[in-house]
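Read off the chains here:
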Amino acid sequence: MPEETASEVAEAPGVEETPINAEVDVEEIAAQADKPDAVLVAIKREQEKRRKMAAERDEALAKVKEYEDAQKSEAEKREEALAESQKELEALRNQNRQLEVRQLRATVAAEKNLPPKLADRLTGETVEEIQADADALLEDLGPLSGETPPPGDGGARTPVPPKDLNEQIREAEQAGDIRKAMDLKAQKIVASRS
């Protein structure tokens, strides 16, 4: 006799396929059996087992979902930490680049005999750009102090004679510096007595 497939059994007239999760009508089965009490007890026992297994399955599924959620949270935490680390790394790279450029500017300023405080005024990102800017700045500034004076001057400066006390007193009074004017007048009195 050939084996019947599940679809053939389901299609057979008078045979109803009962879904796995369907509740069995215990009273109807018991009425058809020779020993209704024994069948009723067996069916109730099976139903209880099925309910217990369904509860265990639901509990296991809940635990799996909880674990997946926990793993997802951990994965999200790792992603956030990675994004934060990448942001910090980029900031450190920018800071490092700024320090390198600043060091280049200081080096070029020293090579070109620019005062150190002018190094920060230099522009450019590469050595060539910074050197070109330093040359342009030197050209705009002309000779700096400490450099050789222009020819013909000989470096000699004529001393400026000190102003006399009367002129200094007048300037102090015009400037509104009464204290200085009084000090100068006191010096004038002391000088006249000597």
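Everything numeric here is computed off the predicted structure, so don't read it as measured data.

Undergrad: How would you summarise the overall build of the chain if you had to cite specific residues and measurements?
TA: When helices and strands are tallied, the chain shows six helices and zero strands. Listed by position from the N terminus, the elements making up the chain come as α-α-α-α-α-α. The burial tally for the chain puts 11% of its 194 residues in the buried class. Considering only intrachain contacts with a sequence separation of at least 6, the fraction spanning at least 24 residues in the chain is 23%. About 16,600 Å² of surface is accessible on the chain, with carbon and sulfur atoms providing 54% of the total.

Undergrad: Summarise the nonpolar core; cite the residues concerned and give the values.
TA: With nine residues, the main nonpolar core is built from V108, A109, L114, L118, A119, L122, I130, A134 and L138. Among the elements of the structure, α3 (36–111) and α4 (127–141) are those that each provide at least two residues to this core. Per element, the largest residue contribution to this core is three residues, and it comes from α4. Excluding anything up to four places from it in sequence, L122 contacts R105, V108, A109, L114, I130, D133, A134 and L137.

Undergrad: A description of the side chain of R105 should follow, citing residues and the corresponding values.
TA: Mapped onto the secondary structure, R105 falls in helix α3. It turns out R105 is buried and unbridged, and the closest side chain with the opposite charge, E125, is 4.2 Å from it. Of note is the side chain of R105, whose polar atom sits 3.2 Å from the backbone oxygen of L122. When residues no more than four places from it in sequence are discounted, the contact partners of R105 are A119, L122, T123, G124, E125 and I130.

Undergrad: Which residues make up the pattern of salt bridges, and what are the values?
TA: Under the criterion given, the structure shown has nine salt bridges. Measuring nitrogen to oxygen at the nearest pair gives 3.5 Å for the salt bridge that ties E100 to R97. Of this pair, E100 and R97 both sit in helix α3, three residues apart, which is roughly one turn of the helix. In this structure, D135 and K112 form a salt bridge, with 2.8 Å as the shortest nitrogen-oxygen distance. In this pair, D135 sits in helix α4 while K112 sits in the loop between α3 and α4, placing the two residues 23 residues apart along the sequence.

Undergrad: Account for the confidence of the model for the chain, with residues named and values stated.
TA: Model confidence for the chain is summarised by a mean pLDDT of 77, while 72% of its residues fall at 70 or above. Looking across the chain, the model is least confident in helix α1 (residues 6–11), with a mean pLDDT of 43, and most confident in α3, with 88. A low-confidence stretch, residues 1–18 (pLDDT under 50), is modelled with five contacts involving residues beyond four sequence positions or located in other chains.

What counts, and at which threshold
Residues numbered from 1 in each chain as written. Predicted model: local features only at pLDDT ≥ 70, side-chain atom pairs only at ≥ 80, totals over all residues. Heavy atoms only, no water. Helix = DSSP H or I, 4+ residues; strand = E, 2+ residues; numbered from the N terminus. Buried < 20%, exposed > 50% of the residue type's maximum accessible area, 1.4 Å probe, protein only. Contact = heavy atoms within 4.5 Å. Areas by Shrake-Rupley, 256 points an atom, 1.4 Å probe, with all protein chains shown as cover. Core = buried A, V, L, I, M, F, W, Y, C linked by side-chain atoms within 4.5 Å. Lys, Arg positive; Asp, Glu negative; His and termini not counted. Salt bridge = Lys/Arg side-chain N within 4 Å of Asp/Glu carboxyl O. Polar contact = N/O pair within 3.5 Å; in protein donor to acceptor, adjacent residues only side chain to side chain. pLDDT = per-residue confidence, 0-100.

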